[in-house]
Amino acid sequence: MTALRIILLSSLIVCAVAASFSKRLLTSVVIYMAFSLVMAVIWLILESPDLAITEAAVGAGVTGMLFYIMLKKIRSIQTTARPDDDRDGEQD
Amino acid sequence: MSREDPRYAGSRWDKLARWRRGEYDPTAGRLELREPDFAPRDELQKLRKYAAQTERDDRYELGLDTRLRGFRRVYLAAAGLLAVFLAALLLVTVSWLPQFGDYTAPEHNEVARRYIEQGLEETGAVNIVAGMILDYRAFDTFGESCVLFIAVCCVLMLLRVDKEEDPHSMAAEDMSDRYFEPHREVILQMAARVLVPVSLVLGIYVVLNGHISPGGGFSGGAIIGTGLVLYLTAFGFERTGRFMNETTVKLLTVSALTFYCFAKSYSFYTGANHLSSFITPGVPGAILSGGLIVYLNICVGVVVACTMYCFYVMFRKGGF
Amino acid sequence: MGSSILTNFEEIASVLLFVIGMIDLLVQPNLVKKIIGLDIMDSAVYLFLAAKGYIAGRAAPIVTDGILDAAHYINPIPAGLVLTGIVVSVSVSAVMMALTICLYREYHTLNLDEIMMLLRRREADETLRLSGRNGEGTPS
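Residues numbered from 1 in each chain as written. Chains lettered and ligands numbered in written order. Predicted model: local features only at pLDDT ≥ 70, side-chain atom pairs only at ≥ 80, totals over all residues. Heavy atoms only, no water.

**Q** Where do I start with the overall build of chain C in this structure?
**A** The helix and strand inventory of chain C stands at four helices and zero strands. For chain C, the α and β elements follow one another from N to C terminus as α-α-α-α. In terms of C-alpha radius of gyration, chain C reaches 25 Å, well past the compact-globule figure of 14 Å for 140 residues. The 140 residues of chain C split such that 59% are buried. Restricting to contacts in chain C with at least 6 residues of sequence separation, those with at least 24 account for 48%. (Helix = DSSP H or I, 4+ residues; strand = E, 2+ residues; numbered from the N terminus. Rg over C-alpha atoms; globule rule 2.2 N^0.38 Å. Buried < 20%, exposed > 50% of the residue type's maximum accessible area, 1.4 Å probe, protein only. Contact = heavy atoms within 4.5 Å.)

So this is what it looks like as structure tokens:
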């Protein structure tokens, strides 16, 4: 049991570090959703299923979706506003 | 790779050597700052004595200003130092905390015992956490639902594009919304036809069973919200506008919140400390057993679902 | 150095996550990364809270077949706190994202340092223009 806890917690930390070091925004958002999923499993191990369902439905589900929509919106503002020079300043 | 090697010219080591000598500036040409449309420098001198205390224009070049680059390095060092110090401090305190999972820890006190022992017969909720959230601490959850409502208002204010005020930006929004249209609609629509009812039924189940099995208003509402979002992505705004347009979302949210407020204020006057009230905890385990909890769960579920749906619509098109 | 550092893995992990999130907030210039950093800090605090409520060898706080004594279940109070916390942190990040979209619509960049630079440049232009008006003519 403690081995499983250690593995999950270390994967949490790896996800957190990876999310902040990844170059593209899309990958850091996907890694953040994986982080939230691992967090949902940890809630289960800590014997609080309420939190697991809420974290899974709200953490990975809604926050991830909002991140996608925001990146999509930024890309659409970028292309509609300045169709001429496709700047690669923001990697998304 | 020795220096005489022809490929050395463009290699990293060469860049590094030149950067150390100060000839190669990695940020030159990489920044998209617009060129300053200032007059030539001498004319600028003339203007300076009239102008208020304006800094020199290369102050704003991100990479070039040595003072800024120095600050950046100090800032990074300070952030690292603060992080290491905070981590060490917290880890020391963590090492003095009670062991993980031992029952003698001070926070397992009489409050938790009271909730568990009298929770069932007072609130009628089998799931003690749901009973705690929606009956003992219903006022706190009411505040939390208001936080969700305020978040929706903030996003509405920030991203809303009004049809009447500026039709131009509304047209721009519609045009940029076309950007979101999935190219091959059929696949998404087939998948949505299967998935949307499943997720809505699951969401309703999770909301209704909030006081029996784990779940409750929040997660159920989020599942229903994402189900509606999937329907909207697949079938577009016109078809969802039939049942989920602006008025229904507003109506649903406000009515759910007001019902929550009246239901809870009623039970404040009657339900607490043995005053008579017709809300009975009912048979534990049955669907309608949690007294007010089922209805409050439904209200919270409705608020959360409308909030998530409204976030999505506001982010995508700024209007319903 | 107390003895319980060998067993409190969750607390150690939550401290590390908190610090990682804080570094993210402090150092990353990109706005989206800052939002992710703040979410990681949120999750770290919730992990700490829920780990404090856990009691080894006891079941989740759902009354099963009528057992009512408190020695059978874990402490439900942190679970209640964290449940509302998770939903609040979603609405906080939603408002942050809305602000990021507005900033991007205005400054066309997600890099906060560049936004500050553009802001200061506009102030300087503004002062120049004002001074230019009471001086003789504005710069070309």
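**Q** Sorry if this is basic, but what is going on with the overall build of chain B here?
**A** Along the backbone of chain B there are 11 helices and zero strands. Every one of the 320 residues in chain B was classed for burial, and the buried ones make up 42%. Carbon and sulfur atoms make up 66% of the accessible area of chain B, which totals about 17,800 Å². (Areas by Shrake-Rupley, 256 points an atom, 1.4 Å probe, with all protein chains shown as cover.)

**Q** I'm lost on helix α10 (residues 246-269) of chain B in this one. Help?
**A** Counting along an α-helix, one turn takes 3.6 residues, and residues three or four places apart therefore face a common direction. All names here are of chain B. Helix length check: α10 (24 residues) gives 35 Å between terminal C-alpha atoms against 34 Å at 1.5 Å per residue, within 8%. All buried positions along α10 are accounted for by V249, T253, A256, L257, Y260, A263, K264 and S267. Buried-residue contacts for α10 involve α5 (128-136), α6 (138-159) and α11 (293-316). (Expected span 1.5 Å × (residues − 1).)

**Q** Teacher, can you tell me more about the nonpolar core here?
**A** One recurring pattern in soluble globular proteins: nonpolar side chains tend to sit buried together. Formed by 108 residues in total, the largest nonpolar core has its most connected members in W43 of chain A, F315 of chain B together with L47 of chain C. If you tally residues by element for this core, the top one is α11 of chain B, at 16 residues. With residues up to four places along the chain from it excluded, the contact list for F315 of chain B reads L66, I69, M70 and K73 of chain A, V155 and L159 of chain B together with A94, M97, A98 and I101 of chain C. Judged by nonpolar contacts, the second largest core, of eight residues, contains I116 and L120 of chain B together with V63 and A70 of chain C. (Core = buried A, V, L, I, M, F, W, Y, C linked by side-chain atoms within 4.5 Å.)

**Q** Help me understand the confidence of the model for chain C in this model?
**A** When pLDDT drops low, the exact placement of atoms in the prediction is not to be read closely. Chain-level statistics for chain C give a pLDDT mean of 86 and a share of 94% at 70 or above. ipTM for the predicted complex: 0.85, alongside a pTM of 0.80. (pLDDT = per-residue confidence, 0-100.)

**Q** Is there a simple way to explain the interface of chain B and chain A in this structure?
**A** How large an interface is tends to be reported as the accessible area lost when its parts come together. Contacts between chain B and chain A engage 23 residues on the former and 21 residues on the latter. In total, chain B and chain A occlude about 2,100 Å² of area from one another, counting both sides; carbon and sulfur atoms represent 76% of this. Between chain B and chain A we count zero salt bridges in total. For the pair chain B and chain A, the number of links is three residue pairs in polar contact (both at pLDDT 80 or more). (Buried area = accessible area lost by both parts, 1.4 Å probe. Salt bridge = Lys/Arg side-chain N within 4 Å of Asp/Glu carboxyl O. Polar contact = N/O pair within 3.5 Å; in protein donor to acceptor, adjacent residues only side chain to side chain.)

**Q** In this structure, what is going on with the pattern of salt bridges? I would like to understand it.
**A** Side chains carrying opposite charge are able to pair once their charged atoms draw close together. All names here are of chain B. Per the stated rule, a full pass over the model turns up eight salt bridges over all chains. Residues R18 and D14 are paired through a salt bridge, measuring 3.4 Å at the closest nitrogen-oxygen approach. Of this pair, R18 and D14 are both found in helix α1 (residues 12-21), four residues apart, which corresponds to roughly one turn of the helix. Judged by its relative accessible area of 10%, D14 falls in the buried class. If you follow the salt bridges from partner to partner, you end up with R160, E246 and K250 in one network.

**Q** When you look at unusual backbone geometry in this model, what are you seeing that I'm missing?
**A** Most peptide bonds take the trans form, and the phi angle of most residues other than glycine is negative. Here the phi dihedral of E47 of chain A falls at roughly 60 degrees; this positive angle occurs in a residue that is not glycine. For H108 of chain C, which is not glycine, the phi dihedral falls at a positive 55 degrees. Assignment of secondary structure puts H108 of chain C in the loop between α3 (76-107) and α4 (112-134). Classification of H108 of chain C by relative accessible area gives buried; the value is 15%.

**Q** What am I meant to see in the interface of chain C and chain B here?
**A** Tallying the contact residues gives 71 residues for chain C and 71 residues for chain B. Buried surface at the junction of chain C and chain B, both sides included, amounts to about 6,600 Å², of which 73% is carbon and sulfur. On the chain C side of the interface with chain B, the three residues burying the most area are M117, R121 and L128 of chain C, jointly 10% of the side's total. If you look at where chain C meets chain B, you find one salt bridge. Of the charged contacts in the structure, one is a salt bridge between D113 of chain C and R72 of chain B, with a shortest N-O distance of 3.8 Å.

**Q** How should the packing of helix α2 (residues 31-53) of chain C against α3 of chain C be read in this particular structure?
**A** When two helices pack together, their arrangement is given by the angle between the helix axes and by the axis-to-axis distance. All names here are of chain C. Running from N to C, α2 and α3 cross one another at 175 degrees; their axes reach a closest spacing of 10 Å. What the angle tells us is that α2 and α3 run roughly antiparallel. Contacts from L31, I35, L38, D39, D42, Y46, L49, A50 and G53 of α2 reach α3 at P78, L81, V82, G85, I86, S89, V92, S93, M96, M97, T100 and L103. Looking at side-chain class alone, the contact of α2 with α3 contains 14 nonpolar, five polar and two charged residues. (Axes fitted to C-alpha atoms, helices over the stretch in contact; angles between N-to-C directions. Parallel < 35°, antiparallel > 145°, perpendicular 65-115°, else oblique. Nonpolar A, V, L, I, M, F, W, Y, C, P; charged D, E, K, R; others polar.)

**Q** Any chance you could explain the environment of V186 of chain B here in plain terms?
**A** Along the chain, V186 of chain B falls in helix α8 (residues 185-208). For the pair V186 of chain B and F235 of chain B, spaced 49 residues apart in sequence, the C-alpha to C-alpha distance is 9.7 Å.

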